[in-house]
Amino acid sequence: MHPAPSIILFTTLSGLGFGMLAFLGLDAPAPRGWTAFWFFLIAYLLAVGGLLSSTFHLGHPERALKAFTQWRSSWLSREAWLAVAALAVMGLYAIGLVFFDTRLRVMGIAGGLLSLGTVFATSMIYTQMRTVPRWNHWGTPILFLAYAIVGGALLTGRVELARAVLPLLLLLQIFAWIDQDRHEQADPTDIGTATGLGTRGKVRAFEAPHTGENYLTREMVFRIGRKHSKTLKGVALALGMVVPALILFLPFHHALAAVAVLLHLAGVLVQRWLFFAEARHVVSFYYGR
Amino acid sequence: MTTLPQHTKKSLGLVIDLDTCVGCHACVTACKGWNTENYGAPLADKDAYGANPVGSFLNRVHSYEVQPEAGGPAQLFHMPKSCLHCADAPCVTVCPTGASYKRVEDGIVLVNESDCIGCGLCAWACPYGAREMDPEEQVMKKCTLCVDRIYNENLPEEDRQPACVRTCPAGARHFGDLSDPDSDVSKLVAERGGIDLMPEQGTSPVNQYLPPRPRDEAPEFDVLAPYLEPVAEEASGFLGWLDRTLSKVS
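Residues numbered from 1 in each chain as written. Chains lettered and ligands numbered in written order. Predicted model: local features only at pLDDT ≥ 70, side-chain atom pairs only at ≥ 80, totals over all residues.

1. Looking at the overall build of chain B
Phase 1: Counting its secondary structure elements, chain B contains seven helices and 11 strands.
Phase 2: For 250 residues, the compact-globule estimate of 2.2 N^0.38 gives 18 Å, and the C-alpha radius of gyration of chain B, at 25 Å, exceeds that figure by more than 25%.
Phase 3: In terms of its C-alpha atoms, chain B occupies a principal-axis envelope of roughly 90 × 50 × 40 Å.
Phase 4: Looking at chain B as a whole, 44% of its 250 residues qualify as buried. (Helix = DSSP H or I, 4+ residues; strand = E, 2+ residues; numbered from the N terminus. Rg over C-alpha atoms; globule rule 2.2 N^0.38 Å. Buried ≥ 20, exposed ≤ 12 C-beta atoms within 10 Å, placed from the backbone.)

Structure follows, in structure tokens:
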């Protein structure tokens, strides 16, 4: 799949933002006053910035409101509803904390759960794709949620928790990558079932329908140099989990914590790039790639 | 609504004969022509005469080579591919705006272009690559089964079929109701053992492909062969003398 920068930025930033909102809503003690203001500002910038970035890949962003209509069947529509609901509820909760020094507990819990629900809905947009075996896998929703939770813990300064969950995320990610490789290998679709000619012998794409590229080959038949996949996975693990965890074991300092957060962000961006670039869409069989 | 209908009154679709298709791309041209001039946004081309031309098409012809396991020469097949108007169309349910829908009356999968936000999710959901974003209009384009021809009473009756079917010079494309067991297309599918593409994807495609008939299996027999048998094994006359003489020299 083509790793579009707008979608990579959207899933990464909004994942972090909603993860942060989940901690602000669910976990006590909540920050108050100006501290709360800055925390919520960062969380909203990430979540809303991510959502705005996602509209850049739309052909007709001016019709985006229509995306709220099909929540019965479409995960993208559900994501839109959950995101708006989470941002609205958390907004009211934030007003209580910032201006009235009051924690509206029920509202915080509801907003926190809606924030996690938004991340889950985002992940289901990918997970539901039967056409992309690597996404159509338990690892997709679990990892989207896990990255949001770990990022939220880091950004809200929960050092103890972050130390504990970073190694867990590392193991989970490695296991998911291995199992996704296996899952993709085991997928029954190949050029034989794609053409229906597989029972007659070995099928080879002889001639493409056209000499150049088309929308399908650009969007879905992206060919990553798979030789770099292992290196990039190492980079994602090192930046995303290993180095931030090591930094957190050093004596705490705000500057160091900021470095840990930025490194984690860079690691998640690499992981998300791989999530798209490495995923094989079954339509590539028609093009013999 | 982007939920799928439980049942459609008809299942209109195409039957494509892989044995007959000669890969001439006439259906591609006819499709592009009709669908550029009629219903919906025209099918755009960008940089058409430049170094990297790209454009939207609703029908494309691939060619595949099959090397039989048992040996023998490879066989070449041409495979036109367009929307298969699936009964369980995954492209419809992912649509967030309701722009994509499957018609209850005839099972055709269509896009309401004024509702399409161009998110591209339906193209991801389709295993067949049947949907392409128009590079100019930025809305999703797909085969409409020439919905503006098949019911069009302003056209002569023989023209009330999809442009690709009407134009095919080899008769490799057939159009009809595949839910009616007595229709010509259903009989053809039953007779020739029509197949689904990627059945394991669970899309229940309506369009059917007729597999090539067996080849190179009967023993080779030619009615003229007995008359063409060599009369003389050994060369005689001048050529015979030449052959003998040259054999002595070399």
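On we go.
2. Regarding the overall build of chain A
Phase 1: Secondary structure summary: chain A contains 10 helices and one strand in total.
Phase 2: Traced from its N-terminal end to its C-terminal end, chain A shows the element sequence α-α-α-α-α-α-α-β-α-α-α.
Phase 3: Relative to the 2.2 N^0.38 estimate, which gives 19 Å for 289 residues, the radius of gyration of chain A is 21 Å and therefore close to what a compact globule would have.
Phase 4: Principal axes of the C-alpha set define a box for chain A whose edges measure 75 × 45 × 30 Å.
Phase 5: Looking at chain A residue by residue over its 289 residues, the buried ones come to 46%.

3. Brief notes about the sheet that holds strand β5 (residues 75-81) of chain B
Phase 1: The sheet built from three strands is open, its strands ordered β1(A)-β4(B)-β5(B) with antiparallel pairing. Strands at the two margins of the open sheet, each flanked by one partner only, are β1 (202-207) of chain A together with β5 of chain B. The sheet shows a mean angle of 35° between the axes of neighbouring strands, taken without regard to direction.
Phase 2: The pairing of strand β4 (residues 60-67) of chain B with β5(B) spans seven bridges and is antiparallel. Bridging across to β5(B), B:Tyr64 finds its partner in B:Phe77. (Pairing = 2+ DSSP bridges. Axes fitted to C-alpha atoms, helices over the stretch in contact; angles between N-to-C directions.)

4. Things to note about the sheet that holds strand β10 (residues 173-177) of chain B
Residue and element names in this part refer to chain B.
Phase 1: Strand order in this open sheet of three strands is β10-β1-β11, and the pairing throughout is mixed. Each end of this open sheet is capped by a strand with a single partner; those strands are β10 and β11 (208-210). Along the sheet, successive strands turn relative to each other by an average axial angle of 25°, direction set aside.
Phase 2: Inspection of the sheet shows strand β1 (residues 12-17) paired to β11 by three bridges, in the parallel sense. Counterpart to Val15 in the pairing with β11 is Gln208.
Phase 3: Its contacts with the sheet put helix α6 (residues 184-192) on β1, β10 and β11, and the angle it makes with β10 is roughly 120°. (Contact = placed C-beta atoms within 7 Å.)

5. Section: the environment of B:Leu12
All names here are of chain B.
Phase 1: Within the element layout of this structure, Leu12 appears in strand β1.
Phase 2: Considered as a pair, Leu12 and Met133 are 121 residues apart in the sequence and their alpha carbons are 24 Å apart.
Phase 3: With residues up to four places along the chain from it excluded, the contact list for Leu12 reads Asp106, Gly107, Ile108, Leu145 and Asp177.

6. Section: the interface of chain A and chain B
Phase 1: At the interface, 47 residues of chain A touch 52 residues of chain B.
Phase 2: Sorting elements by how many residues they give to the side of chain A that touches chain B places β1(A) first, with six residues.

7. Brief notes about helix α3 (residues 75-100) of chain A
Phase 1: With 26 residues, α3(A) should cover 38 Å at 1.5 Å per step; its first-to-last C-alpha distance of 36 Å lies within 8% of that length.
Phase 2: Looking one or two places after α3(A), you find A:Asp101, whose phi comes out positive at around 50°. (Expected span 1.5 Å × (residues − 1).)

8. Brief notes about the nonpolar core
Phase 1: Counting 145 residues, the largest nonpolar core has A:Leu21, A:Ala86, A:Val150 and B:Cys122 as the members making the most contacts within it.
Phase 2: The biggest single contributor to this core is α3(A), with 13 residues. (Core = buried A, V, L, I, M, F, W, Y, C linked by C-beta atoms within 7 Å.)

So, to be careful, I would describe these as geometric facts and stop short of saying anything about function.
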